[in-house]
Amino acid sequence: MDIAQIDQVRRFNRTITERVGVLHDHYLGRDRPIGEARLLWEVGEHGRDVRWLRERLGLDSGYVSRLLRSLEKAGLITVEQRPEDKRLRTVRLTDAGRAECAVLDRRSDEVAGGLLAPLNPAQRSRLVAALAEAERLLTAGTVSLDEVDPDHPDAQHCLRSFFAELSERLDTGFDPARSLLPDAGELRPPRGVFLVARLHGTPVGCAGLKLPSGAPAKIKRMWVSPTTRGLGLARRLIAELERRAAVHGYDLLRLDTNKVLTEAIRLYHACGFEEVPAFNTEPYAHHWFEKRIVPAEPA
């Protein structure tokens, strides 16, 4: 990375932490630091599991436990074990906690207004647009790509969501029983790989890679949740599967898609895939693509 880019990010971090008041122990003039305030916001009106809070905020369990104890001692939350599994705990706001959140919301609005007030209308629009773009890019950077077993619950969630979307979008509907679906064994090492994309621990995308003997590598079942489209996640999945195919010595990568999935078709062209004659009998495919890749040098 360019050192000038690093310097710019650090300058932005210093400026924004100063302007929004996170350097103070009494965030927004209340009797608690920003960590506790943020935890209250995340608990929200309906409550949250402790595990979800840790994953959402990217905090270790010890620190979250300390924050929860402090908020519970202040009478702002309750922490209860789940009857069906005592290892799971649910956090809920008390009436005092809801009142505190209302104060924090009001004062946060005042801070945001204070950032915008000195600017003219054109500058405000520029700042809001820049912040929206920054949020989008920062969110993209928090998505992880994790190798999982195809039968993992997160993998199955993604596949069910993918099939449901295909059923809605395809003119003929979609019946998995008619499709040339790879069995789970074809997407497990050493015959394949299955990746799940997660945002704050929630599955938001998937892609599989078949690594058959004596045949090109194939990308299968790539899907990205509508909630995270536009973050470049599909490109990341393709790039990672391409890298893994190269590591296994493959020089050709293939995939197929349906004619109604126009976004996918544009993506494959943009990623360097070329359209080729049909190489399988997938009943739901209208377009077939392949890309020459460079096998990785042996370690």
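Just so you know, the residues in each chain are numbered from 1, in the order the chain's sequence is written. Local features are withheld for residues below a pLDDT of 70 in this predicted model, meaning they are given only at 70 or higher, and side-chain atom pairs are given and counted only at 80 or more; totals for whole chains, interfaces and linings count all residues. The side-chain quantities take in all heavy atoms of the structure and omit both hydrogens and water.

A. Main features of the overall build of the protein. Scanning the protein from N- to C-terminus turns up nine helices and 10 strands. The dimensions of the protein, computed from C-alpha atoms along their principal axes, are 65 × 55 × 45 Å. Only protein chains enter the accessibility calculation, which uses a 1.4 Å probe. A residue is then buried if its area is under 20% of the maximum for its type, exposed if over 50%, and partly exposed in between. Per-residue burial for the protein yields a buried fraction of 39% across its 299 residues. A sequence separation of at least 24 residues applies to 58% of the contacts in the protein between residues at least 6 apart. Each accessible area value is a Shrake-Rupley result obtained with a 1.4 Å probe; residue values ignore everything except the protein chains displayed when judging cover. When the accessible surface of the protein is summed, it comes to about 17300 Å², and 53% of that surface belongs to carbon and sulfur atoms. Helix and strand definitions follow DSSP, with helices as H or I runs of at least four residues and strands as E runs of at least two, each counted in order from the N terminus. The contact criterion used is simple: two residues touch if any of their non-hydrogen atoms lie within 4.5 Å.

B. Spatial organisation of the side chain of Thr257. For Thr257, the position within the fold is in strand β8 (residues 252-257). Other than its neighbours up to four places away in sequence, Thr257 contacts Ala264, Ile265, Tyr268, Tyr284, Ala285, His286, His287 and Phe289.

C. Region of interest: the sheet that holds strand β2 (residues 77-82). A pair of strands counts as paired when DSSP detects no fewer than two bridges linking them. Strand order in the open sheet made by the three strands is β1-β3-β2, with antiparallel pairing throughout. Edge positions in the sheet fall to β1 (48-49) and β2, since each of these pairs with one other strand and no more. One ladder, built from six bridges, connects β2 with strand β3 (residues 85-93); its direction is antiparallel. Paired with Thr78 across the strands is Arg92, a residue of β3.

D. Spotlight on the sheet that holds strand β4 (residues 144-147). Taken in spatial order, the seven strands make up an open sheet running β4-β5-β6-β7-β8-β10-β9, and their pairing is mixed. A strand with exactly one partner marks an edge of an open sheet, and here the two such strands are β4 and β9 (274-276). Averaged over all pairs of adjacent strands, the angle between strand axes in this sheet comes to 30 degrees, irrespective of strand direction. The pairing of β4 with strand β5 (residues 192-199) spans four bridges and is classified as antiparallel. Paired with Asp146 across the bridge in β5 is Val196. Angular values range over 0 to 180 degrees, each being the angle between N-to-C directions of two axes fitted as lines to C-alpha atoms, with helices fitted over their stretch in contact. In the packing of helix α8 (residues 233-247) onto the sheet, contacts are made with β4, β5, β6 (202-210), β7 (217-224), β8 and β10 (287-292), and the angle to β7 comes to roughly 160 degrees.

E. Local environment of helix α9 (residues 262-270). Every buried residue of α9 is accounted for by Ala264, Ile265, Leu267 and Tyr268. Summarising the axial view, the buried residues of α9 lie within an arc of 160 degrees, below the 170-degree limit, and thus occupy one face. Among the structural elements, β7, α8, β8 and β10 are those in contact with the buried residues of α9. Just past α9, the residue Gly272 takes up positive phi, approximately 95 degrees. By construction, the arc corresponds to the directions joining the helix axis to the C-beta atoms.

F. Layout of the side chain of His287. Along the chain, His287 turns up in strand β10. Among the polar contacts made by the side chain of His287, one reaches the side chain of Glu275 at a distance of 2.4 Å. If we ignore the near neighbours within four places in the chain, the residues touching His287 are Leu255, Asp256, Thr257, Asn258, Lys259, Ile265 and Glu275. Each polar contact in these results corresponds to two N or O atoms within 3.5 Å; when the atoms are within protein, one needs to be able to donate a hydrogen and the other to accept it, and residues that are neighboring in sequence are counted only if both atoms are side-chain atoms.

G. Local environment of the packing of helix α2 (residues 34-43) against helix α3 (residues 50-57). Relative to each other, α2 and α3 sit at 120 degrees, their axes nearing to 11 Å. Here α3 runs oblique to α2, going by the angle between their axes. Crossing of α2 over α3 shows right-handed handedness. Mapping the contact onto sequence places Arg38, Leu39, Glu42 and Val43 in α2 and Trp52, Leu53, Arg56 and Leu57 in α3. Taken together, the residues of the contact of α2 with α3 sort by class into five nonpolar, no polar and three charged. To sort the angles, those under 35 degrees are grouped as roughly parallel, those over 145 as roughly antiparallel, those from 65 to 115 as roughly perpendicular, and the leftovers as oblique. The handedness criterion is simple: a crossing whose near helix is rotated anticlockwise from the far helix by less than a right angle is left-handed, and one whose near helix is rotated clockwise is right-handed. Ten residue types, Ala, Val, Leu, Ile, Met, Phe, Trp, Tyr, Cys and Pro, are classed as nonpolar, four, Asp, Glu, Lys and Arg, as charged, and the remainder, Gly among them, as polar.

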